[in-house]
Amino acid sequence: MTGTDTAVEPRRFTVARDAGVTLVGEVWEPAGPDGAAVDDILMLHGGAQTRHAWSRAARRLVGEGYRVTAMDARGHGDSDWDPEGDYDIHRMAEDLDAIIADRFVARRPVIVGASLGGMTAMLSLGSGADVARALVLVDVTPRIEAAGVQRIGEFMRSGFDGFASLDEAADAIAAYQPHRKRPSNTDGLRKNLRLREDGRWHWHWDPRFAGNASADNAEIGNAFFETLVPKIQQPTLLIRGSASDIVSDDTVRHLLELLPHAYTMEVPEAGHMVAGDDNAVFLDQLEWFLTEIVGTPGE
(Lines give C-alpha, C1' and ligand atoms only; values in the text may rest on other atoms or scores of the structure.)
Protein backbone atom coordinates (compact mmCIF):
# COMPACT_ATOMS: atom_id res chain seq x y z
CA MET A 1 0.00 0.00 0.00
CA THR A 2 1.01 3.57 -0.55
CA GLY A 3 -0.84 5.82 1.83
CA THR A 4 -2.13 9.32 1.38
CA ASP A 5 -3.61 11.58 4.04
CA THR A 6 -7.34 12.14 3.93
CA ALA A 7 -9.62 15.02 4.85
CA VAL A 8 -12.06 12.70 6.67
CA GLU A 9 -12.79 14.04 10.16
CA PRO A 10 -13.25 11.74 13.17
CA ARG A 11 -16.47 11.22 15.09
CA ARG A 12 -16.28 11.42 18.89
CA PHE A 13 -17.93 8.77 21.08
CA THR A 14 -17.93 7.60 24.70
CA VAL A 15 -17.81 4.28 26.55
CA ALA A 16 -19.28 4.24 30.06
CA ARG A 17 -17.30 2.45 32.75
CA ASP A 18 -17.72 1.82 36.47
CA ALA A 19 -17.42 4.37 39.27
CA GLY A 20 -18.70 7.12 36.99
CA VAL A 21 -15.69 6.95 34.68
CA THR A 22 -16.44 7.64 31.01
CA LEU A 23 -13.85 6.89 28.35
CA VAL A 24 -13.66 9.09 25.26
CA GLY A 25 -12.59 8.02 21.81
CA GLU A 26 -12.94 8.99 18.18
CA VAL A 27 -13.37 6.97 15.02
CA TRP A 28 -12.38 7.73 11.44
CA GLU A 29 -14.74 6.08 8.94
CA PRO A 30 -13.34 5.36 5.47
CA ALA A 31 -15.20 6.51 2.40
CA GLY A 32 -16.78 3.67 0.41
CA PRO A 33 -19.96 1.75 -0.26
CA ASP A 34 -22.24 1.22 2.72
CA GLY A 35 -21.94 -2.28 4.13
CA ALA A 36 -18.51 -2.90 2.59
CA ALA A 37 -16.18 -5.07 4.66
CA VAL A 38 -13.84 -2.83 6.62
CA ASP A 39 -10.85 -3.84 8.70
CA ASP A 40 -10.74 -2.15 12.11
CA ILE A 41 -7.67 -0.73 13.79
CA LEU A 42 -7.80 0.27 17.47
CA MET A 43 -4.99 2.60 18.52
CA LEU A 44 -3.99 2.86 22.20
CA HIS A 45 -1.63 5.66 23.19
CA GLY A 46 1.24 5.60 25.65
CA GLY A 47 1.24 6.86 29.22
CA ALA A 48 0.87 10.65 29.59
CA GLN A 49 -0.32 10.93 25.98
CA THR A 50 -3.80 11.30 24.47
CA ARG A 51 -5.63 9.84 21.49
CA HIS A 52 -4.38 12.80 19.44
CA ALA A 53 -0.93 11.15 19.36
CA TRP A 54 -2.38 8.99 16.56
CA SER A 55 -4.07 11.70 14.48
CA ARG A 56 -1.57 11.78 11.62
CA ALA A 57 -1.37 8.01 11.46
CA ALA A 58 -5.16 7.69 11.53
CA ARG A 59 -5.61 10.08 8.63
CA ARG A 60 -3.31 8.06 6.44
CA LEU A 61 -4.77 4.69 7.47
CA VAL A 62 -8.36 5.75 6.88
CA GLY A 63 -7.28 6.86 3.41
CA GLU A 64 -6.20 3.25 2.85
CA GLY A 65 -9.69 2.03 3.69
CA TYR A 66 -9.26 1.11 7.35
CA ARG A 67 -11.70 2.19 10.04
CA VAL A 68 -9.51 3.67 12.77
CA THR A 69 -10.49 4.12 16.40
CA ALA A 70 -8.32 5.95 18.93
CA MET A 71 -9.05 6.05 22.66
CA ASP A 72 -8.12 8.28 25.55
CA ALA A 73 -7.09 5.98 28.39
CA ARG A 74 -8.57 6.38 31.84
CA GLY A 75 -7.13 9.55 33.39
CA HIS A 76 -5.87 10.86 30.04
CA GLY A 77 -7.17 13.41 27.56
CA ASP A 78 -10.95 13.78 27.64
CA SER A 79 -11.55 10.52 29.53
CA ASP A 80 -12.47 10.86 33.21
CA TRP A 81 -9.89 10.65 35.95
CA ASP A 82 -10.27 7.65 38.22
CA PRO A 83 -11.87 8.80 41.51
CA GLU A 84 -9.34 6.78 43.51
CA GLY A 85 -6.36 7.48 41.27
CA ASP A 86 -6.25 3.78 40.35
CA TYR A 87 -4.26 3.41 37.13
CA ASP A 88 -3.06 -0.13 37.65
CA ILE A 89 -2.52 -1.97 34.36
CA HIS A 90 -5.34 -4.36 35.27
CA ARG A 91 -7.77 -1.44 35.32
CA MET A 92 -6.58 -0.44 31.88
CA ALA A 93 -7.11 -4.01 30.65
CA GLU A 94 -10.64 -4.03 32.06
CA ASP A 95 -11.28 -0.81 30.15
CA LEU A 96 -9.96 -2.42 26.97
CA ASP A 97 -12.31 -5.37 27.43
CA ALA A 98 -15.22 -2.93 27.78
CA ILE A 99 -14.20 -0.98 24.68
CA ILE A 100 -14.08 -4.17 22.62
CA ALA A 101 -17.47 -5.30 23.92
CA ASP A 102 -19.00 -1.91 23.14
CA ARG A 103 -17.41 -1.08 19.79
CA PHE A 104 -16.18 -4.28 18.13
CA VAL A 105 -18.92 -6.86 18.55
CA ALA A 106 -18.92 -8.20 14.98
CA ARG A 107 -15.20 -8.18 14.26
CA ARG A 108 -12.13 -7.89 16.46
CA PRO A 109 -9.69 -5.10 15.57
CA VAL A 110 -5.97 -5.04 15.02
CA ILE A 111 -4.66 -3.33 18.15
CA VAL A 112 -1.80 -0.87 17.77
CA GLY A 113 -0.51 -0.11 21.25
CA ALA A 114 2.28 2.30 22.15
CA SER A 115 4.08 1.75 25.46
CA LEU A 116 1.23 1.68 28.05
CA GLY A 117 -1.25 0.81 25.30
CA GLY A 118 0.89 -2.11 24.20
CA MET A 119 1.27 -3.34 27.77
CA THR A 120 -2.50 -3.19 28.22
CA ALA A 121 -3.05 -5.27 25.09
CA MET A 122 -0.38 -7.80 26.12
CA LEU A 123 -2.09 -8.25 29.48
CA SER A 124 -5.52 -8.79 27.92
CA LEU A 125 -4.34 -11.16 25.20
CA GLY A 126 -1.98 -13.03 27.51
CA SER A 127 -4.85 -13.54 29.95
CA GLY A 128 -6.92 -15.14 27.21
CA ALA A 129 -9.25 -12.24 26.47
CA ASP A 130 -10.56 -12.12 22.90
CA VAL A 131 -9.77 -8.48 22.19
CA ALA A 132 -7.78 -8.47 18.94
CA ARG A 133 -7.12 -10.39 15.76
CA ALA A 134 -3.53 -9.10 15.65
CA LEU A 135 -1.21 -6.98 17.78
CA VAL A 136 1.27 -4.23 16.97
CA LEU A 137 3.56 -3.21 19.83
CA VAL A 138 5.05 0.26 19.44
CA ASP A 139 8.32 0.53 21.36
CA VAL A 140 7.32 -1.76 24.19
CA THR A 141 8.36 -5.32 25.05
CA PRO A 142 7.59 -7.69 27.94
CA ARG A 143 10.86 -6.63 29.54
CA ILE A 144 11.55 -2.88 29.39
CA GLU A 145 14.58 -0.88 30.45
CA ALA A 146 14.06 0.40 34.00
CA ALA A 147 16.35 3.40 33.50
CA GLY A 148 14.24 4.60 30.58
CA VAL A 149 11.03 4.26 32.59
CA GLN A 150 12.61 6.25 35.43
CA ARG A 151 13.61 9.00 32.99
CA ILE A 152 10.06 9.22 31.63
CA GLY A 153 8.67 9.40 35.16
CA GLU A 154 11.03 12.20 36.10
CA PHE A 155 9.97 14.18 33.04
CA MET A 156 6.28 13.67 33.85
CA ARG A 157 6.70 14.72 37.46
CA SER A 158 8.77 17.78 36.53
CA GLY A 159 5.68 19.38 34.98
CA PHE A 160 3.35 19.05 37.96
CA ASP A 161 3.33 22.81 38.57
CA GLY A 162 2.34 23.54 34.99
CA PHE A 163 3.87 25.95 32.49
CA ALA A 164 3.54 29.70 32.14
CA SER A 165 3.04 29.39 28.38
CA LEU A 166 2.90 26.88 25.55
CA ASP A 167 6.40 28.01 24.58
CA GLU A 168 7.68 27.05 28.02
CA ALA A 169 6.08 23.61 27.65
CA ALA A 170 7.65 23.23 24.21
CA ASP A 171 11.06 24.07 25.69
CA ALA A 172 10.61 21.36 28.34
CA ILE A 173 9.70 18.78 25.69
CA ALA A 174 12.65 19.80 23.54
CA ALA A 175 15.01 19.34 26.49
CA TYR A 176 13.57 15.84 27.08
CA GLN A 177 13.69 14.93 23.37
CA PRO A 178 16.77 16.74 22.01
CA HIS A 179 16.80 14.54 18.88
CA ARG A 180 13.48 16.01 17.74
CA LYS A 181 13.27 19.51 16.26
CA ARG A 182 11.36 21.95 18.47
CA PRO A 183 8.26 23.20 16.59
CA SER A 184 8.11 26.93 15.97
CA ASN A 185 4.30 26.82 16.15
CA THR A 186 3.17 25.48 19.54
CA ASP A 187 -0.59 25.45 18.84
CA GLY A 188 -0.51 21.66 18.48
CA LEU A 189 0.26 21.40 22.20
CA ARG A 190 -3.24 22.66 23.03
CA LYS A 191 -4.52 19.09 22.58
CA ASN A 192 -2.10 17.83 25.24
CA LEU A 193 -2.29 20.69 27.70
CA ARG A 194 -5.14 22.56 29.41
CA LEU A 195 -5.19 26.15 30.67
CA ARG A 196 -6.46 25.94 34.25
CA GLU A 197 -7.77 28.49 36.71
CA ASP A 198 -4.27 29.17 38.04
CA GLY A 199 -3.40 30.64 34.63
CA ARG A 200 -0.87 27.93 33.87
CA TRP A 201 -0.85 25.19 31.23
CA HIS A 202 -1.02 21.67 32.69
CA TRP A 203 -0.64 18.27 31.05
CA HIS A 204 -3.96 16.77 30.01
CA TRP A 205 -3.74 13.74 32.29
CA ASP A 206 -4.12 12.93 35.98
CA PRO A 207 -0.86 13.71 37.85
CA ARG A 208 -1.49 10.65 40.04
CA PHE A 209 -0.75 8.46 37.02
CA ALA A 210 2.92 9.50 37.11
CA GLY A 211 3.47 7.61 40.36
CA ASN A 212 3.51 4.35 38.39
CA ALA A 213 6.44 5.44 36.20
CA SER A 214 9.43 4.30 38.21
CA ALA A 215 12.33 1.91 37.84
CA ASP A 216 11.00 -0.27 40.67
CA ASN A 217 7.60 -0.67 39.02
CA ALA A 218 9.28 -1.47 35.70
CA GLU A 219 11.19 -4.36 37.30
CA ILE A 220 8.00 -5.73 38.87
CA GLY A 221 6.20 -5.51 35.54
CA ASN A 222 9.01 -7.28 33.72
CA ALA A 223 8.58 -10.43 35.82
CA PHE A 224 4.80 -10.29 35.53
CA PHE A 225 4.67 -10.08 31.74
CA GLU A 226 7.10 -12.96 31.24
CA THR A 227 4.37 -15.39 32.32
CA LEU A 228 1.67 -13.88 30.09
CA VAL A 229 3.25 -13.07 26.76
CA PRO A 230 4.03 -16.66 25.66
CA LYS A 231 0.26 -17.27 25.67
CA ILE A 232 -0.37 -14.69 22.92
CA GLN A 233 -1.25 -16.52 19.72
CA GLN A 234 -2.26 -13.61 17.49
CA PRO A 235 0.08 -12.32 14.75
CA THR A 236 2.37 -9.80 16.44
CA LEU A 237 4.69 -7.05 15.25
CA LEU A 238 7.09 -4.93 17.30
CA ILE A 239 8.03 -1.54 15.84
CA ARG A 240 10.83 0.00 17.87
CA GLY A 241 12.88 3.18 17.71
CA SER A 242 16.59 2.59 17.23
CA ALA A 243 17.34 5.36 19.77
CA SER A 244 14.76 4.18 22.32
CA ASP A 245 15.79 4.07 25.97
CA ILE A 246 12.85 1.77 26.77
CA VAL A 247 13.40 -1.04 24.23
CA SER A 248 16.93 -2.35 23.69
CA ASP A 249 18.51 -5.11 21.60
CA ASP A 250 18.37 -7.33 24.69
CA THR A 251 14.66 -6.76 25.30
CA VAL A 252 13.91 -7.44 21.62
CA ARG A 253 15.75 -10.77 21.84
CA HIS A 254 13.81 -11.54 25.00
CA LEU A 255 10.50 -10.83 23.23
CA LEU A 256 11.41 -13.26 20.46
CA GLU A 257 12.30 -15.93 23.01
CA LEU A 258 8.85 -15.59 24.55
CA LEU A 259 7.01 -15.04 21.28
CA PRO A 260 8.93 -16.69 18.42
CA HIS A 261 6.22 -15.91 15.86
CA ALA A 262 6.58 -12.15 16.38
CA TYR A 263 8.02 -9.88 13.69
CA THR A 264 10.29 -6.96 14.60
CA MET A 265 11.06 -3.75 12.73
CA GLU A 266 13.11 -0.68 13.58
CA VAL A 267 12.63 3.00 12.80
CA PRO A 268 16.12 4.50 12.40
CA GLU A 269 17.06 7.37 14.73
CA ALA A 270 13.64 7.34 16.40
CA GLY A 271 13.22 7.46 20.15
CA HIS A 272 10.46 6.07 22.36
CA MET A 273 7.81 8.20 20.61
CA VAL A 274 8.33 6.28 17.39
CA ALA A 275 5.30 7.45 15.42
CA GLY A 276 5.97 11.07 16.26
CA ASP A 277 9.66 10.86 15.41
CA ASP A 278 9.17 9.35 11.94
CA ASN A 279 5.51 8.85 11.13
CA ALA A 280 6.10 7.88 7.48
CA VAL A 281 8.53 5.03 8.17
CA PHE A 282 6.40 3.83 11.09
CA LEU A 283 3.31 3.67 8.87
CA ASP A 284 5.14 1.94 6.03
CA GLN A 285 6.16 -0.80 8.46
CA LEU A 286 2.68 -1.01 9.98
CA GLU A 287 1.00 -1.28 6.58
CA TRP A 288 3.36 -4.06 5.50
CA PHE A 289 2.23 -6.07 8.52
CA LEU A 290 -1.45 -5.30 7.91
CA THR A 291 -1.37 -6.34 4.27
CA GLU A 292 1.24 -9.12 4.16
CA ILE A 293 0.74 -10.81 7.53
CA VAL A 294 -2.71 -9.96 8.89
CA GLY A 295 -4.57 -9.86 5.59
CA THR A 296 -8.22 -8.97 5.15
CA PRO A 297 -11.07 -9.90 7.52
CA GLY A 298 -11.97 -13.56 7.26
CA GLU A 299 -8.62 -14.68 5.85
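To be clear, the structure that these remarks concern was listed above.
Note that the structure is predicted; figures quoted are calculated from it, not measured.

Draft legend 1. Structural view of the overall build of the protein chain. For the protein chain, the helix and strand inventory stands at nine helices and ten strands. Within the protein chain, the proportion of its 299 residues that are buried is 51%. At a minimum sequence separation of 6, the contacts of the protein chain that also span at least 24 residues come to 76%. Approximately 13100 Å² of the protein chain is accessible, and the part contributed by carbon and sulfur atoms is 50%.

Draft legend 2. Local environment of the packing of helix H2 (residues 89-103) against helix H3 (residues 116-126). Two elements in contact, H2 and H3, have axes separated by 9 Å at closest approach and are oriented at 75°. Judged by the inter-axis angle, H2 sits roughly perpendicular to H3. Across from Ile89, His90, Met92, Ala93, Leu96 and Asp97 in H2, the residues of H3 making contact are Leu116, Met119, Thr120, Ala121, Leu123 and Ser124. Considering only residue class, the contact of H2 with H3 consists of eight nonpolar, three polar and one charged.

Draft legend 3. Focus on the nonpolar core. Among the nonpolar cores identified, the biggest contains 57 residues, and Leu42, Ile111, Met122, Leu135, Leu193 and Val229 are the most heavily contacted of them. With six residues, the single largest contributor to this core is H2. Those residues in contact with Met122 that lie beyond four places of it in its chain are Leu135, Leu137, Val140, Thr141, Pro142, Phe225, Val229 and Ile232. Ala57, Ala270, Leu290 and Val294 belong to the second-largest nonpolar core, a separate cluster that totals 29 residues.

Draft legend 4. The pattern of salt bridges, seen in detail. This structure, assessed with the given rule, holds 30 salt bridges. A salt bridge links Asp72 to Arg51; the nearest nitrogen and oxygen atoms lie 2.5 Å apart. Linking Asp72 in the loop between strand E4 (67-71) and H2 with Arg51 in the loop between strand E3 (40-44) and helix H1 (55-63), this pair joins segments that are 21 residues apart in sequence. When its relative accessible area of 1% is taken as the criterion, Asp72 is described as buried. Taking the shortest distance from any N to any O, the salt bridge between Asp82 and Arg74 comes out at 2.7 Å. In this structure, a network of salt bridges that share partners links the residues Arg17, Asp18, Arg74, Asp82, Asp86, Arg91, Glu94 and Asp95.

Draft legend 5. Just the packing of aromatic side chains, in detail. Taken as a whole and judged by the stated rule, the model has seven aromatic pairs. Taking the centre distance of 5.6 Å and the plane angle of 75° together, the rings of Tyr263 and Trp288 count as edge-to-face. Remark: Trp288 occurs in helix H9 (residues 279-294) and Tyr263 occurs in strand E10 (residues 263-267); sequence separation between them is 25 residues. Given the relative accessible area of 32%, Trp288 is considered partly exposed. An angle of 65° between the planes, with centres 6.4 Å apart, marks the rings of Tyr263 and Phe289 as edge-to-face.

Draft legend 6. Layout of helix H5 (residues 166-176). Taken as a whole, H5 has its buried residues at Leu166, Ala169, Ala170 and Tyr176. Around the axis of H5, the buried residues are gathered within 120° of arc, so they sit on the same side.

Draft legend 7. Spotlight on unusual backbone geometry. A positive phi is found at Asp139, a non-glycine position, where the angle reads about 50°. With respect to the secondary-structure elements, Asp139 resides in the loop between strand E6 (134-138) and helix H4 (146-158). Look at Glu269: it is not a glycine, yet its phi comes out positive at around 65°. As for its position among the elements, Glu269 is in the loop between E10 and helix H8 (274-277).

Draft legend 8. Looking closely at the pairing of E6. Where burial is concerned, most of E6 is hidden: five out of the five residues are buried. On E6, burial covers both faces: Ala134, Val136 and Val138 on one face and Leu135 and Leu137 on the other are all buried. In this sheet, E6 lies alongside strand E5 (residues 110-114) in parallel orientation, the contact comprising five bridges. Bridging from a neighbouring strand, Val110 pairs with Ala134 of E6.

Quick notes on the rules
- Residue numbers restart at each chain and count upward from 1, following the sequence in its written direction.
- Only residues with pLDDT of 70 or above have their local features reported here, since the model is predicted, and side-chain atom pairs are shown and tallied only from 80 upward, although totals for entire chains, interfaces and linings are computed over all residues.
- Each side-chain value is derived from all of the structure's non-hydrogen atoms; neither hydrogens nor water enter the calculation.
- Secondary structure is summarised from DSSP: a helix means a run of H or I of at least four residues, a strand means a run of E of at least two, and numbering begins at the N terminus for each.
- Burial classes: relative accessible area under 20% of the type maximum marks a residue as buried, over 50% as exposed, and values in between as partly exposed (1.4 Å probe, protein chains only).
- In this description, contact between two residues means that some pair of their heavy atoms is separated by no more than 4.5 Å.
- In short, Shrake-Rupley with a 1.4 Å probe defines the accessible areas, and a residue's cover is counted only from the protein chains shown.
- Working convention: axes come from line fits to C-alpha atoms, limited for helices to the stretch in contact. Angles between N-to-C directions cover 0 to 180 degrees.
- Roughly parallel means an angle under 35 degrees; roughly antiparallel means over 145; roughly perpendicular covers 65 to 115; every other angle is labelled oblique.
- Lys, Arg, Asp and Glu make up the charged group, whereas Ala, Val, Leu, Ile, Met, Phe, Trp, Tyr, Cys and Pro make up the nonpolar group; the residues left over, Gly among them, are polar.
- By nonpolar core we mean a set of buried residues, namely Ala, Val, Leu, Ile, Met, Phe, Trp, Tyr and Cys, connected to one another through side-chain atoms within 4.5 Å.
- Here, a salt bridge means any side-chain nitrogen of Lys or Arg that lies within 4 Å of a carboxyl oxygen of Asp or Glu.
- A pair of aromatic rings is counted whenever rings of Phe, Tyr or Trp (Trp by its six-membered ring) have centres within 6.5 Å, and the orientation is called stacked for planes under 30 degrees apart, edge-to-face for over 60 and tilted otherwise.
- This arc describes the spread of directions from the helix axis toward the C-beta atoms.
- Two strands are said to pair when DSSP picks up at least two bridges between them.

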